Amino acid sequence: MRFIPLIDLTTSYQLNDWFLSAMIVTLLLMLITMGPYRYDYVRSFLSMFRFKSPDGDVSYPLLSTFENILVFLLSSISIAIAVGIYSHDIMEEGFSQIIFLLWYSCGVVICLVVKLILYTVTNKILYRKQIIALKPSRWNCFFVMSYSVSGLLILFFSIIVVFLDIHLLALLIFAYLMRALVIAGRIFKIKTTLFKNRRSNSGFIMYLCAFELAPILIEFMLTSRLFGLI
(Lines give C-alpha, C1' and ligand atoms only; values in the text may rest on other atoms or scores of the structure.)
Protein backbone atom coordinates (compact mmCIF):
# COMPACT_ATOMS: atom_id res chain seq x y z
CA MET A 1 0.00 0.00 0.00
CA ARG A 2 1.47 3.33 -1.05
CA PHE A 3 1.68 6.04 1.61
CA ILE A 4 0.29 9.43 0.49
CA PRO A 5 1.96 12.30 2.37
CA LEU A 6 -0.31 14.95 3.78
CA ILE A 7 2.16 17.71 2.92
CA ASP A 8 4.54 17.59 -0.02
CA LEU A 9 7.02 20.47 -0.17
CA THR A 10 9.03 19.05 -3.07
CA THR A 11 6.60 20.41 -5.68
CA SER A 12 4.37 23.42 -6.02
CA TYR A 13 1.17 24.14 -7.88
CA GLN A 14 1.33 26.18 -11.10
CA LEU A 15 -1.97 27.95 -10.54
CA ASN A 16 -4.25 29.29 -13.19
CA ASP A 17 -3.62 33.06 -13.13
CA TRP A 18 -7.32 33.96 -13.09
CA PHE A 19 -8.07 31.54 -10.27
CA LEU A 20 -5.11 32.82 -8.26
CA SER A 21 -6.26 36.41 -8.81
CA ALA A 22 -9.76 35.52 -7.62
CA MET A 23 -8.33 33.98 -4.45
CA ILE A 24 -6.13 36.98 -3.67
CA VAL A 25 -8.79 39.61 -4.42
CA THR A 26 -11.41 37.75 -2.34
CA LEU A 27 -9.02 37.41 0.61
CA LEU A 28 -7.96 41.07 0.47
CA LEU A 29 -11.55 42.32 0.29
CA MET A 30 -12.58 40.12 3.22
CA LEU A 31 -9.63 41.31 5.30
CA ILE A 32 -10.34 44.96 4.47
CA THR A 33 -14.03 44.59 5.32
CA MET A 34 -13.79 42.34 8.37
CA GLY A 35 -10.42 43.52 9.70
CA PRO A 36 -11.69 46.64 11.54
CA TYR A 37 -14.20 44.41 13.36
CA ARG A 38 -11.82 41.53 14.06
CA TYR A 39 -12.26 41.61 17.86
CA ASP A 40 -16.03 41.74 17.50
CA TYR A 41 -15.92 38.79 15.13
CA VAL A 42 -13.78 36.74 17.53
CA ARG A 43 -16.00 37.60 20.49
CA SER A 44 -19.20 36.93 18.55
CA PHE A 45 -18.02 33.61 17.12
CA LEU A 46 -16.81 32.37 20.50
CA SER A 47 -20.14 33.36 22.08
CA MET A 48 -21.74 30.58 20.03
CA PHE A 49 -20.00 28.00 22.23
CA ARG A 50 -20.51 29.35 25.75
CA PHE A 51 -22.30 26.25 26.94
CA LYS A 52 -21.66 26.81 30.65
CA SER A 53 -22.89 30.40 30.73
CA PRO A 54 -25.30 30.90 27.86
CA ASP A 55 -26.46 34.44 27.29
CA GLY A 56 -29.96 35.30 26.20
CA ASP A 57 -28.94 37.38 23.22
CA VAL A 58 -26.88 37.07 20.07
CA SER A 59 -23.63 38.89 19.40
CA TYR A 60 -22.38 40.15 16.04
CA PRO A 61 -20.23 42.99 14.63
CA LEU A 62 -22.12 46.20 13.85
CA LEU A 63 -21.45 46.32 10.12
CA SER A 64 -23.32 48.59 7.75
CA THR A 65 -25.88 47.08 5.38
CA PHE A 66 -23.42 47.35 2.48
CA GLU A 67 -20.65 45.67 4.51
CA ASN A 68 -22.96 42.83 5.52
CA ILE A 69 -23.96 42.24 1.90
CA LEU A 70 -20.34 42.40 0.73
CA VAL A 71 -19.11 39.97 3.38
CA PHE A 72 -22.00 37.65 2.57
CA LEU A 73 -21.09 37.61 -1.13
CA LEU A 74 -17.35 37.22 -0.48
CA SER A 75 -18.00 34.31 1.90
CA SER A 76 -19.99 32.57 -0.83
CA ILE A 77 -17.10 33.08 -3.26
CA SER A 78 -14.74 31.65 -0.61
CA ILE A 79 -16.83 28.50 -0.41
CA ALA A 80 -16.83 28.27 -4.21
CA ILE A 81 -13.03 28.62 -4.23
CA ALA A 82 -12.66 25.73 -1.79
CA VAL A 83 -15.01 23.56 -3.85
CA GLY A 84 -13.14 24.53 -7.03
CA ILE A 85 -9.79 23.55 -5.52
CA TYR A 86 -11.17 20.20 -4.43
CA SER A 87 -13.10 19.32 -7.59
CA HIS A 88 -11.30 21.06 -10.48
CA ASP A 89 -7.86 21.18 -12.05
CA ILE A 90 -6.74 24.65 -10.93
CA MET A 91 -3.60 24.38 -13.07
CA GLU A 92 -5.58 24.21 -16.32
CA GLU A 93 -5.38 27.34 -18.45
CA GLY A 94 -8.49 29.21 -19.49
CA PHE A 95 -11.60 30.55 -17.83
CA SER A 96 -13.38 27.34 -16.87
CA GLN A 97 -12.44 27.70 -13.19
CA ILE A 98 -13.68 31.30 -13.08
CA ILE A 99 -16.95 30.32 -14.76
CA PHE A 100 -17.33 27.60 -12.12
CA LEU A 101 -16.66 30.11 -9.32
CA LEU A 102 -19.29 32.45 -10.70
CA TRP A 103 -22.13 29.98 -11.10
CA TYR A 104 -21.36 28.02 -7.93
CA SER A 105 -21.11 31.14 -5.75
CA CYS A 106 -24.33 32.45 -7.32
CA GLY A 107 -26.01 29.16 -6.44
CA VAL A 108 -24.80 29.40 -2.85
CA VAL A 109 -25.99 33.01 -2.60
CA ILE A 110 -29.44 32.15 -3.95
CA CYS A 111 -29.85 29.23 -1.52
CA LEU A 112 -28.76 31.28 1.49
CA VAL A 113 -30.87 34.28 0.51
CA VAL A 114 -33.90 31.99 0.35
CA LYS A 115 -32.94 30.65 3.78
CA LEU A 116 -32.64 34.19 5.19
CA ILE A 117 -36.05 35.11 3.74
CA LEU A 118 -37.59 32.04 5.37
CA TYR A 119 -35.83 32.91 8.63
CA THR A 120 -37.21 36.45 8.46
CA VAL A 121 -40.78 35.47 7.65
CA THR A 122 -40.90 32.75 10.31
CA ASN A 123 -39.19 34.83 13.00
CA LYS A 124 -41.49 37.79 12.32
CA ILE A 125 -44.53 35.56 12.90
CA LEU A 126 -43.01 34.08 16.07
CA TYR A 127 -41.92 37.52 17.29
CA ARG A 128 -45.38 38.98 16.66
CA LYS A 129 -46.95 36.13 18.63
CA GLN A 130 -44.35 36.68 21.39
CA ILE A 131 -43.09 33.11 21.09
CA ILE A 132 -39.57 34.47 20.66
CA ALA A 133 -38.14 37.72 22.03
CA LEU A 134 -35.38 38.28 19.48
CA LYS A 135 -35.95 40.60 16.53
CA PRO A 136 -35.60 38.84 13.14
CA SER A 137 -32.99 41.35 11.93
CA ARG A 138 -30.70 40.49 14.84
CA TRP A 139 -30.85 36.77 14.04
CA ASN A 140 -30.08 37.47 10.37
CA CYS A 141 -26.99 39.50 11.37
CA PHE A 142 -25.91 36.67 13.65
CA PHE A 143 -26.35 34.18 10.80
CA VAL A 144 -24.24 36.32 8.44
CA MET A 145 -21.56 36.66 11.14
CA SER A 146 -21.22 32.90 11.62
CA TYR A 147 -21.24 32.29 7.87
CA SER A 148 -18.61 34.95 7.15
CA VAL A 149 -16.22 33.70 9.83
CA SER A 150 -16.40 30.15 8.52
CA GLY A 151 -16.00 31.42 4.94
CA LEU A 152 -12.87 33.39 5.83
CA LEU A 153 -11.30 30.46 7.69
CA ILE A 154 -12.07 28.06 4.84
CA LEU A 155 -10.51 30.52 2.38
CA PHE A 156 -7.39 30.79 4.55
CA PHE A 157 -7.08 27.02 4.72
CA SER A 158 -7.68 26.70 0.96
CA ILE A 159 -4.74 29.00 0.30
CA ILE A 160 -2.57 27.02 2.73
CA VAL A 161 -3.55 23.77 0.98
CA VAL A 162 -2.63 25.19 -2.42
CA PHE A 163 0.73 26.73 -1.52
CA LEU A 164 1.93 23.98 0.81
CA ASP A 165 0.70 21.14 -1.43
CA ILE A 166 -1.38 19.67 1.39
CA HIS A 167 -3.50 16.70 0.35
CA LEU A 168 -6.95 17.84 -0.78
CA LEU A 169 -8.61 15.50 1.69
CA ALA A 170 -7.47 17.85 4.46
CA LEU A 171 -9.42 20.69 2.85
CA LEU A 172 -12.56 18.57 2.67
CA ILE A 173 -12.22 17.54 6.33
CA PHE A 174 -11.57 21.12 7.47
CA ALA A 175 -14.54 22.48 5.52
CA TYR A 176 -16.90 19.94 7.02
CA LEU A 177 -15.52 20.51 10.53
CA MET A 178 -16.12 24.25 10.15
CA ARG A 179 -19.63 23.57 8.89
CA ALA A 180 -20.31 21.29 11.86
CA LEU A 181 -19.02 23.90 14.33
CA VAL A 182 -21.17 26.65 12.86
CA ILE A 183 -24.28 24.48 12.78
CA ALA A 184 -23.68 23.35 16.38
CA GLY A 185 -23.28 26.98 17.47
CA ARG A 186 -26.47 28.05 15.71
CA ILE A 187 -28.42 25.13 17.20
CA PHE A 188 -27.19 26.14 20.65
CA LYS A 189 -28.28 29.73 20.07
CA ILE A 190 -31.66 28.66 18.71
CA LYS A 191 -32.29 26.88 21.98
CA THR A 192 -30.82 29.46 24.37
CA THR A 193 -31.96 32.62 22.55
CA LEU A 194 -35.00 31.91 20.40
CA PHE A 195 -36.67 29.13 22.37
CA LYS A 196 -35.59 29.73 25.97
CA ASN A 197 -38.87 28.57 27.47
CA ARG A 198 -38.94 24.84 28.24
CA ARG A 199 -42.55 24.69 27.10
CA SER A 200 -41.40 25.54 23.58
CA ASN A 201 -39.41 22.33 23.09
CA SER A 202 -41.74 21.14 20.34
CA GLY A 203 -41.32 24.46 18.52
CA PHE A 204 -37.56 24.20 18.91
CA ILE A 205 -37.52 20.72 17.35
CA MET A 206 -39.69 21.83 14.41
CA TYR A 207 -37.58 24.96 13.89
CA LEU A 208 -34.40 22.90 14.06
CA CYS A 209 -35.63 20.36 11.51
CA ALA A 210 -36.87 23.04 9.11
CA PHE A 211 -33.88 25.39 9.15
CA GLU A 212 -30.85 23.27 10.04
CA LEU A 213 -31.39 19.55 9.45
CA ALA A 214 -33.49 19.65 6.26
CA PRO A 215 -31.04 21.99 4.41
CA ILE A 216 -28.17 19.65 5.33
CA LEU A 217 -30.03 16.69 3.81
CA ILE A 218 -30.85 18.65 0.64
CA GLU A 219 -27.27 19.87 0.34
CA PHE A 220 -25.93 16.35 0.83
CA MET A 221 -28.13 15.03 -1.96
CA LEU A 222 -27.27 17.85 -4.37
CA THR A 223 -23.55 17.72 -3.61
CA SER A 224 -23.38 13.96 -4.00
CA ARG A 225 -25.28 13.98 -7.26
CA LEU A 226 -23.82 17.01 -9.01
CA PHE A 227 -20.22 17.13 -7.86
CA GLY A 228 -19.39 13.71 -6.42
CA LEU A 229 -17.60 15.31 -3.47
CA ILE A 230 -18.90 12.92 -0.83
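Up top is the structure these notes are about.
Residues numbered from 1 in each chain as written. Predicted model: local features only at pLDDT ≥ 70, side-chain atom pairs only at ≥ 80, totals over all residues. Heavy atoms only, no water.

Draft legend 1. Structural context of the overall build of the protein chain. Of regular secondary structure, the protein chain possesses 7 helices and 0 strands. Listing every helix and strand of the protein chain by position from the N terminus yields α-α-α-α-α-α-α. Within the protein chain, the proportion of its 230 residues that are buried is 43%. Contacts in the protein chain between residues at least 24 apart in sequence constitute 78% of all its contacts with a sequence separation of at least 6. For the protein chain, the computed accessible surface area is about 13200 Å², with 71% contributed by carbon and sulfur atoms. (Helix = DSSP H or I, 4+ residues; strand = E, 2+ residues; numbered from the N terminus. Buried < 20%, exposed > 50% of the residue type's maximum accessible area, 1.4 Å probe, protein only. Contact = heavy atoms within 4.5 Å. Areas by Shrake-Rupley, 256 points an atom, 1.4 Å probe, with all protein chains shown as cover.)

Draft legend 2. Highlighting helix α4 (residues 96-128). The terminal C-alpha atoms of α4 lie 48 Å apart, and with 33 residues this matches the ideal 48 Å at 1.5 Å per residue to within 8%. Two residues or fewer past α4, Gln130 is found with a positive phi of approximately 65°. (Expected span 1.5 Å × (residues − 1).)

Draft legend 3. Structural view of the packing of α4 against helix α5 (residues 136-163). Their axes nearest at 9 Å, the elements α4 and α5 cross at an angle of 150°. Viewed along their axes, α4 and α5 adopt a mutual orientation that is roughly antiparallel. Note that α4 runs across α5; the crossing there is right-handed. Only Pro136, Trp139, Asn140, Phe143 and Tyr147 of α5 make contact with α4, whose side of the interface consists of Val108, Leu112, Lys115, Leu116, Tyr119, Thr120, Asn123, Lys124 and Tyr127. Grouping the amino acids of the contact of α4 with α5 by side-chain chemistry returns 9 nonpolar, 3 polar and 2 charged. (Axes fitted to C-alpha atoms, helices over the stretch in contact; angles between N-to-C directions. Parallel < 35°, antiparallel > 145°, perpendicular 65-115°, else oblique. Left-handed = near helix turned anticlockwise from the far one by under 90°. Nonpolar A, V, L, I, M, F, W, Y, C, P; charged D, E, K, R; others polar.)

Draft legend 4. Representation of the packing of helix α3 (residues 65-87) against α5 in the model. Interhelical geometry of α3 versus α5 gives an angle of 35° and a closest axis separation of 8 Å. Both α3 and α5 take part in a crossing whose hand is left-handed. Each of Asn68, Val71, Phe72, Ser75, Ser76, Ser78, Ile79, Ile81, Ala82 and Ile85 in α3 lies in contact with α5, whose residues at this interface are Cys141, Val144, Tyr147, Ser148, Gly151, Ile154, Leu155, Ser158 and Val162. Taken together, the residues of the contact of α3 with α5 break down into 12 nonpolar, 7 polar and no charged.

Draft legend 5. Seen up close, a nonpolar patch on the surface. Nonpolar side chains collect at one region of the surface, where Ile24, Val25, Leu28, Leu29 and Ile32 lie side by side and expose about 450 Å² of accessible area between them. Taking relative accessible area as the criterion, Ile32 reaches 61% and is therefore assigned exposed. (Patch = residues over 30% accessible without salt bridge, like charges linked within 9 Å, V, L, I, M, F, W, Y side chains within 5 Å. Salt bridge = Lys/Arg side-chain N within 4 Å of Asp/Glu carboxyl O.)

Draft legend 6. Summary view of the layout of surface pockets. Within this model, the second largest pocket holds a volume of roughly 230 Å³. Surrounding the second largest pocket, Leu31, Met34, Gly35, Arg38, Tyr41, Val42, Phe45, Val149, Leu152, Leu153 and Phe156 form its lining. Elements with a contribution of two residues or more to the lining of the second largest pocket: α1 (17-34), α2 (38-47) and α5. Its residues placed into classes, the lining of the second largest pocket shows 9 nonpolar, 1 polar and 1 charged. (1 Å grid on protein atoms, 1.4 Å probe; cavity = no way out; pocket = protein on both sides within 12 Å on 5 of 7 lines; lining within 4 Å. Points joined across faces, edges and corners; volume = space filled by probe spheres on them.)

The analysis is restricted to geometry; functional conclusions fall outside its scope.
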